[in-house]
Amino acid sequence: MTARIAELNVYPVATLRDKSGVRRFPFRIDQLTSSLRHDWQKAEVLALFERPFNDLMYEAQSVHREHFDPNKVQLSTLLSIKTGGCPEDCKYCPQSVHFDTGLDVHGLLPIEDVVQAARNARADGASRFCMGAAWRSPTERQVEQVAELVRAVNDEGLETCVTLGMLSDDKAQCLADAGLAYYNHNLDTSPEYYGDIITTRTYQDRLDTLAAVRDAGINVCCGGIVGMGESREDRAGLLQQLANLPQHPESVPINMLVRVEGTPLNESAAISNIEFVRTVCVSRILMPRSFVRLSAGRKDMSDEAQALCYLAGANSIFCGERLLTTPNPENEEDRLLFDQLGIEPLDIATEEAPFRAVL
Ligand code: SAM
Ligand code: DTB
Ligand code: SF4
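Residues numbered from 1 in each chain as written. Chains lettered and ligands numbered in written order. Predicted model: local features only at pLDDT ≥ 70, side-chain atom pairs only at ≥ 80, totals over all residues. Heavy atoms only, no water.

Time to look at the site of ligand 2. Near ligand 2 there are 13 residues, and of these N186, N255, L324, T325 and T326 occur at the shortest range. Between N186 and ligand 2, the recorded distance is 2.9 Å, taken from a side-chain N or O atom to an oxygen atom. Taking N255, its side chain carries an N or O atom lying 2.8 Å from an oxygen atom of ligand 2. Relative to its unbound accessible area of 410 Å², ligand 2 is 89% covered by the protein chains. Partitioned by chemical class, the residues of the shell around ligand 2 number 6 nonpolar, 7 polar and no charged. (Near = heavy atom within 4 Å. Polar contact = N/O pair within 3.5 Å; in protein donor to acceptor, adjacent residues only side chain to side chain. Areas by Shrake-Rupley, 256 points an atom, 1.4 Å probe, with all protein chains shown as cover. Nonpolar A, V, L, I, M, F, W, Y, C, P; charged D, E, K, R; others polar.)

Turning our attention to the side chain of H64. Assignment of secondary structure puts H64 in helix 4 (residues 53-67). A polar contact is formed between the side chain of H64 and the side chain of R284, at a distance of 3.1 Å. When neighbours within four sequence positions are excluded, H64 is seen to be in contact with D69, P70, R284, G313 and N315. (Helix = DSSP H or I, 4+ residues; strand = E, 2+ residues; numbered from the N terminus. Contact = heavy atoms within 4.5 Å.)

Enumeration over the complete set of coordinates arrives at 16 salt bridges. Residue K72 pairs with D69 through a salt bridge whose shortest N-O separation is 3.7 Å. R298 is paired through a salt bridge with D334; the nearest N and O atoms lie 2.7 Å apart. In this pair, R298 is assigned in the loop between strand 10 (291-294) and helix 12 (303-311) and D334 in helix 13 (residues 331-341), connecting sequence segments 36 residues apart. When sorted by exposure, R298 lands in the same class as D334, which is buried. Because the salt bridges share partners, they merge into one network encompassing E230, R232, R235 and E275. (Salt bridge = Lys/Arg side-chain N within 4 Å of Asp/Glu carboxyl O. Buried < 20%, exposed > 50% of the residue type's maximum accessible area, 1.4 Å probe, protein only.)

Here you go:
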């Protein structure tokens, strides 16, 4: 049964629509297969973290090979479409009004600038274009403006992703109607550590937004940040939450904290690259069919550390010289590393990717 469904090669959360575009039912393969679990216990996740590194790596790479081409990596490019001035107090974030980070604040970018950036991203090999806005929650008008950007970027032949803060059902639907493929909204950390990082919105607020996105038929991009002074138990708690969602996020960004002067977490205790790789391994094992993104933090990682992340099952990155407000490796550096490793970018236009979106 599991194998036959895998062979169908359709997107597991594709919302099927009839000829008039009416949504019929969400097709959720993961609920039909026995291979995906949603009942992970914290002790089980911790036990994975604690395994000898070679055993953990071997298992993660074996799981990865069951579901993906191990030599293909999906490329997304980020653009900050509205920067800074955010009323939230996320202690890692350079864009919060609560911290003085000397950021160049700007309002929503004009559509021409966004389309040009999308064209550049496509020319550089990205298959998805992610637009981020420093909002707590967008207004109706702002959602309509972003919907227009989504249509324009879709027209450039790129998949679209946006991250705009909290969303209600109707706002999620408006973005779905514009053809948005992915919405990024992170849980960031474990429920237990969350209050040490953010006080202006709750964990439940985040889960509610994820449910609104899912119900609108948009693919979910949801992960977190490590290296914020959290314990291994918190890292296990974050991954447990992600894997026990009613449906695994299609995309799971694992960010290594980018330390920004002026933010309260600038001096927090870092984790080793080996612990980061363990986090990627456990993500891959818990969410076997999700794209796991080696997300923020690559700029400070050696080639060898990144290679270990790919071996651990990371199969997606942000490419391009900027994340939202901080630097990312140059395209040429990434190209050189991919060449050394024999990795190729996933081409969603020509390949039958097992997770290709059909919205
Ligand atoms: N304001 C929206 C929100 O928070 O949902 C969207 C933009 S926000 C910058 C998107 C995500 O970027 C955050 O949820 C967080 O996980 C990640 N992020 C922000 N600052 C970061 C940093 N310094 N290092 C690593 N990840 C970071
Ligand atoms: C995600 O998980 N990481 C990206 C994206 N989703 C929006 C953001 C990383 C931001 C790093 C800090 C910055 O550049 O401002
Ligand atoms: Fe605002 Fe998002 Fe930054 Fe939090 S992470 S301060 S919500 S931009």
